[in-house]
Amino acid sequence: MPKNAPPKSKKNPKIESLDWLDDSAETRNAFRSVVDGHAIIVVTDTSGAITHVNDRFCEVSKYSRKEVVGKTHRIVNSEYHEEAFFKDLWSTITNGKIWHGEIRNRAKDGSFFWVDTTIFPEMNHKGEPVRYFAILTEITRLKSVEEELRKMADSLEEKVTKRTIELTKTRDEVRRLNIDLENRVAARTAEALAKSEQFRLVFEHAPMGISWVEFGDPDIYHLNERFCEIIGLTRKEAEDFDNIIRVTHPEDRDKQIRLMEELYKGSMDSLSVEKRYIHRNGRVVWAHLTIAVLRDANSKVTQQFAILNDITKRREAEIKLRESEQRFRGYVESASEILFTISLKGVLQYVSPAWSEKLGHEAKEVIGQSYTDFLHPDDREMCEGFFSSVIKEGRSRKSIEYRMRHKDGSYRWHASSGGVVLDEEGLFSYYVGVGRDISLRKKSEDALKKALQKREELERIIDRSPSIVILWRADDGWPVEYVSDNIVNIGYTAEEILSGEVSFADLTHPDDLLRISEEVEFFSEKSVDEYNQEYRMVSKAGDVRWVEDCTIVRRDEKGVVTHHQGIITDVTEKHLAEQREKERKEADLKMARDIQLHLLPSVCPEREELEVDSLYIPSSLLGGDYYDIFKVGKKQWGIVMADVSGKGAAAALIMAACRTALRIRAEGESSPLKVMREVNRIIEADMPENMFITMTYGIIDLSNNLLRCCIAGHEPLVLCRSGSETKVELFSSSGLAIGLDSGELFNEMLKEEEIKLGQGDLLALYTDGVTEALDANGEEFGRDRFVTVLTENRKDTVSVITEKVENAIHRHVGNRNGSDDRTLLLIRTV
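Thresholds applied
Here the residue numbering is sequential within each chain, running from 1 through the sequence in written order. Given that this is a predicted model, residues contribute local features only at a pLDDT of at least 70 and side-chain atom pairs are listed and counted only at 80 or more, while totals for whole chains, interfaces and linings are drawn from all residues. Think of the side-chain values as coming from all heavy atoms in the structure, minus any hydrogens and water. Put simply, DSSP H or I for four residues or longer makes a helix, DSSP E for two residues or longer makes a strand, and each gets a number counted from the N terminus. The classification of residues rests on relative accessible area computed with a 1.4 Å probe and restricted to protein chains. Under 20% of the type maximum is buried, over 50% is exposed, and intermediate values are partly exposed. Any two residues having at least one pair of non-hydrogen atoms within 4.5 Å are treated as being in contact. Note on areas: these come from Shrake-Rupley sampling with a 1.4 Å probe, and a residue is covered only by the protein chains present in the view. N or O atoms within 3.5 Å of each other form a polar contact, as long as, within protein, one can give a hydrogen and the other can take it, and as long as residues adjacent in sequence are counted only when both atoms are side-chain atoms. Only Phe, Tyr and Trp rings take part, Trp by its six-membered ring, and two of them pair if their centres are within 6.5 Å. Stacked means planes under 30 degrees apart, edge-to-face means over 60, and tilted covers everything else. DSSP bridges decide pairing: two strands pair if at least two such bridges lie between them. Axis geometry follows a simple rule: fit a line to the C-alpha atoms, using only the stretch in contact for helices, then measure angles between N-to-C directions, giving values from 0 to 180 degrees. In this scheme the crossing of two helices becomes right-handed for a clockwise turn of the near helix relative to the far one and left-handed for an anticlockwise turn of less than a right angle. In the scheme used here, Gly and all other residues not listed as nonpolar or charged are polar, with Ala, Val, Leu, Ile, Met, Phe, Trp, Tyr, Cys and Pro taken as nonpolar and Asp, Glu, Lys and Arg as charged. Salt bridges, as used here, are contacts in which a Lys or Arg side-chain nitrogen is within 4 Å of a carboxyl oxygen on Asp or Glu. pLDDT expresses how confident the predictor is about each individual residue, on a scale running from 0 to 100. Under the convention used throughout, the expected extent of a helix is 1.5 Å for every residue step, that is, one less than its residue count. Directions pointing from the helix axis toward each C-beta atom define the arc. Charge convention: Lys and Arg are scored as positive, Asp and Glu as negative, and His as well as the terminal groups of each chain are ignored.

Across its full length, the chain carries 26 helices and 30 strands. Expressed as a percentage of the 830 residues in the chain, the buried residues total 41%. Taking all contacts inside the chain whose residues are at least 6 apart in sequence as the whole, residues at least 24 apart take part in 54%. By element, 50% of the accessible surface of the chain is carried by carbon and sulfur atoms, the whole surface being about 46,800 Å².

If you want it as structure tokens, here you go:
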């Protein structure tokens, strides 16, 4: 209460009933300033479409504003009222008259709620309605009481009737019945009065805090329990404005005092503010406070009304949302896909760092330009059509493929999808898209296209081959309606199949039947109308044949699957050949893996010089990771950790070439910088497109414990200093990956670090397969966990530390197979 408010009485406050709500016109006028927060307001156009609802409508109906705007009241129609009821309503308001009545509606969760409704038509100068305003008061509880009273009355009337009939028997019995009836009426009347008392209790038990003060001599305070609960004061304490200011958060006190002073000066008649209270239990409570005042003819405040809503959960949710946005921004900044936003006019408003990585342009060169400026001329019309359709539909139902111009002038194939972000009014704000480089996939598709052309030639041959054609119904057991005569190839006649004596399911190998059934059901549900399956069939003689089944699905006019038509070709010989080829390739790969393992270091420093241990786990038989340790001088040892992009045989071959070049150039050379430059010069010329090598190469001089090293695009080198439980140093990349540049830029960016090693220091070189190992939720193992394992076990031997790192990764990923090679090299100075 401001200091200039009317003086408070020292007497006990008087608690009165709420009858003032009906009797005092001034009181109703005062509440008009806050009615929007407590009455349901709905505005519709002349067709009945909702154009506005207030928060109270959303609270009662459980629908959001977005869900109802544009809809009619049918969205909450409970189907309780007859059609004539609504015809009368529309007849009244369309003739410019005010309609008043009670309506039962259905909320979004299926519950019913009653509203006392008044609809006002707004008329134009021609006397025609232009829109309708509805003010509704929820009376669900009142209707429940009325229903209970009606049932009580019905019950009472039934009993009175029954008693009246019995009155004819004897006068004494009539007298007793009258007495009993009077007692029952009195009891029911008392019960009804008790029910009506519940309406008064609404004030005390409302979900929001309510405070009403009548200034006079004495001041009369009406405070409900919820008001006191929110601010953490007793009713008596809450009657003193100084106490309310005392529990107000220090950062909000001056603002509330200033607003209250303005309110009582007459500058405004109401205020609304979000503020904090320090509850008596120590927690901070966020609340939305609305205050309105009533003045007399001299502008003196005579009554004050306050509504207080606890919004702590909402504020906490907003904080969590900001934290989520920060995490999302971190993902956007580090994602390999390109994220971008485009205005309605096609201007790029934002591009993620991946744009620069994938396409070479700096962000400032892109933002503000039209997205079509970076498209291949032949793809612009298609992309503009795609962009227009997404704006119209709100999102892309499938991705689009196009070519983007790299800064070097070349074009890269990209695939993109996205959607429209709307503002609060439901209007276009911007388009957000995700693009990914699919150049490698397009090359694969070109090769696949050629293969498909060959396949078409084979299919023409198959059309003239003795392939079995079969048509069966989509019913249990797959009954056959047609089969070609060459079914005799598996020992059956067409008559045996068509008679139902042998079903199509009977021809299928028992071990394959469940899988085939599940695949057929899956393709049918996904509306895939043509697909291939490979399974085993059993001939009448019991021979097992591998077949390839090209199935075409037939549907009726309603889209329901009726038949499956299959062209079945015996591929037993092909299957056996493929199996033999698979076994041969696996043998070749195993031999290649054995050779690759022989390329890993076989000679290590004596334990009195350095303590060394390693971990090497390729994601497949052949890996693209490479680590090495070899002697380059009398007291000098070269250490290497490298990661070739990609996997399999190609990555393994590049790794072998890199190892050879490095070992040749490293011999007798004490400068890692010179060695790395020479290796890049040799490797870059023959490096396949879209492949590169990240590498860390260093030389440890045991005569002075000095490490000189270069990091070319590789993971940071980790150094755990001895004698400290927490001191960890990270040395990040200073150069490009090997193979990305022919020499000038690579040589310019690559730097050589000199690191003085102390006795017992632990050095860790690793590939991203260690830190990027994913668990079932897609969360990475991460560098923080990796460093934690190193520091917590730094006093153990390096072999024990290696084992604990491996165990920690395994616990994180569980049974998931690694999608990348995992390599670790630990070195400790002795």
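A negative phi angle characterises most non-glycine residues, just as the trans form characterises most peptide bonds. Following Asp217, the chain continues into Pro218 via a peptide bond in cis, with omega recorded as 5°. With respect to the helices, strands and loops of the structure, Pro218 is situated in the loop between β6 (209-214) and β7 (220-223). Of note in this structure, Glu79 is not a glycine but carries a positive phi near 60°. Relative to the helices and strands, Glu79 resides in the loop between α4 (65-68) and α5 (83-94). Phi is positive for Asn690, which is not a glycine, with a value near 70°. Mapped onto the elements, Asn690 comes out in the loop between α22 (672-686) and β24 (693-701). Looking at Asn690, the relative accessible area reads 36%, which means it is partly exposed.

Attention shifts here to the side chain of Thr118. In this fold, Thr118 is placed in strand β4 (residues 112-123). Here the side chain of Thr118 touches His100 through a polar contact of 2.6 Å, side chain to side chain.

As a further point, take the packing of aromatic side chains. Each aromatic ring pair is specified by the distance between its two centres and by the angle formed by the two planes. A complete count under the given rule lists 16 aromatic pairs for this structure. Between Phe85 and Trp99 the ring centres are 5.7 Å apart and the planes differ by 90°, which places this aromatic pair in the edge-to-face class. Taken together, the residues Phe85 in helix α5 and Trp99 in strand β3 (residues 99-106) connect sequence positions 14 residues apart. Arranged with centres 6.2 Å apart and planes meeting at 40°, the rings of Phe340 and Tyr431 form a pair that is tilted. Here Phe340, found in strand β11 (residues 338-342), pairs with Tyr431, found in strand β15 (residues 428-437); they are 91 residues apart in sequence, far enough to count as distant. The two residues Phe340 and Tyr431 agree in class, both being buried. A network of ring pairs unites the aromatic residues Phe340, Tyr371, Phe387 and Tyr431 as a single cluster.

With that out of the way, let us pick up the environment of Ile683. For Ile683, the position within the fold is in helix α22. Overall, the relative accessible area of 9% leaves Ile683 in the buried class. C-alpha of Ile683 to C-alpha of Ile654: the two residues are 29 residues apart in sequence and 8.5 Å apart in space. Discounting chain neighbours no more than four positions away, the residues touching Ile683 are Ala657, Cys658, Ala661, Ile693 and Ile738.

Our next topic: the sheet that holds strand β14 (residues 411-422). Consider a sheet: its strands pair through backbone hydrogen bonds, and that pairing is either parallel or antiparallel. Ordered by their spatial adjacency, five strands build an open sheet running β12-β11-β15-β14-β13, and the pairing between neighbours is antiparallel. Edge positions in the open sheet fall to β12 (348-351) and β13 (400-405), since each of these has one partner strand only. Within this sheet the neighbouring strands show an average axis-to-axis angle of 35°, counted without direction. Sheet topology note: the β11/β12 ladder contains three bridges and is antiparallel. Residue pairing for β12: Ile342 is matched across the bridge by Leu348. Set on the sheet, helix α15 (residues 380-393) makes contact with β11, β13, β14 and β15; between it and β13 the angle comes to about 125°.

Structurally, Val69 can be placed in the loop between α4 and α5. By relative accessible area, which is 36% here, Val69 ends up partly exposed. For the pair Val69 and His52, spaced 17 residues apart in sequence, the C-alpha separation works out to 6.4 Å.

Between helix α25 (residues 782-792) and helix α26 (residues 798-813), whose axes approach to 9 Å, the crossing angle comes to 145°. As for how α25 packs across α26, the hand of that crossing is right-handed. Each of Arg785, Phe786, Val789 and Leu790 in α25 lies in contact with α26, whose residues at this interface are Ile801, Lys804, Val805, Ala808 and His812. Here the residues of the contact of α25 with α26 sort into six nonpolar, one polar and two charged.

What follows is about the pattern of salt bridges. For side chains of opposite charge, pairing can occur when their charged atoms come near one another. Scanning the model with the defined rule gives 45 salt bridges in all. When the shortest N-O distance is used, the salt bridge between Arg131 and Glu122 registers 2.6 Å. For Glu122, a relative accessible area of 30% gives the class partly exposed. Across the salt bridge formed by Asp379 and Arg403, the nearest N and O atoms sit 2.9 Å from each other. Residue Asp379 is located in the loop between α14 (363-366) and α15, and its partner Arg403 is located in strand β13; the two are separated by 24 residues in the primary sequence.

Here we take up the confidence of the model for the chain. Put simply, the chain has an average pLDDT of 82, and 83% of its residues get 70 or more. Confidence drops under pLDDT 50 across residues 1-23; counting only partners more than four residues distant or on other chains, this segment forms 46 contacts.

Take α25 next. Looking only at α25, the buried set comprises Gly782, Phe786, Val787, Val789, Leu790 and Thr791. Buried residues belonging to α25 abut β26 (717-720), β27 (728-731), β29 (762-766), α24 (768-771), α26 and β30 (822-829).

Here is the key point about a regular strand: its side chains alternate between the two faces of the sheet. Summarising the sheet, strand β18 (residues 530-538) and strand β19 (residues 544-555) pair through nine bridges and their orientation is antiparallel. Looking at the pairing, Tyr531 lines up with Thr551 of β19. As defined by bridge partners, β19 adjoins strand β20 (residues 561-570) across nine bridges and the pair is classed as antiparallel. The residue of β20 that forms the bridge with Thr551 is Gly566. Linking β19 back to β20 in an antiparallel pair, the connection comprises five residues, with Gly559 at a positive phi of about 85°.

By the secondary structure assignment, Glu611 is in strand β21 (residues 610-617). Each C-alpha atom of the pair Glu611 and Thr829 lies 6.5 Å from the other, and the pair is 218 residues apart in sequence. Dropping the residues within four chain positions of it, Glu611 is found in contact with Thr797, Val798, Leu826, Ile827, Arg828 and Val830. For Glu611, the side chain forms a polar contact with the main-chain nitrogen of Val798, separated by 3.0 Å.

On to helix α19 (residues 510-525), then. Given 3.6 residues per helical turn, the α-helix brings residues three or four places apart onto the same face. Here α19 contains 16 residues, and its C-alpha end-to-end distance of 24 Å stays within 8% of the 22 Å for a straight helix at 1.5 Å per residue. For α19, every residue scored as buried is listed here: Asp512, Ile516, Val520, Phe523 and Ser524. All buried residues of α19 fall inside an arc of 100° around its axis, so they share one side. Away from its buried face by more than 90 degrees, α19 exposes Asp511, Leu514 and Glu525. Where α19 is buried, its residues touch β18, β19 and β20.

Pairing is antiparallel across the open sheet formed by five strands, whose spatial order is β7-β6-β10-β9-β8. Single-partner strands in this sheet number two, and they are β7 and β8 (270-278). Shown here is a sheet whose adjacent strand axes are inclined to one another by a mean of 20°, direction ignored. Where strand β9 (residues 284-295) meets strand β10 (residues 301-310), nine bridges bridge the pair, whose relative direction is antiparallel.

The next subject is the side chain of Asp549. If you trace the backbone, Asp549 turns up in strand β19. The buried charged residue Asp549 lacks any salt bridge, with Arg515 as its nearest oppositely charged partner at 10 Å.

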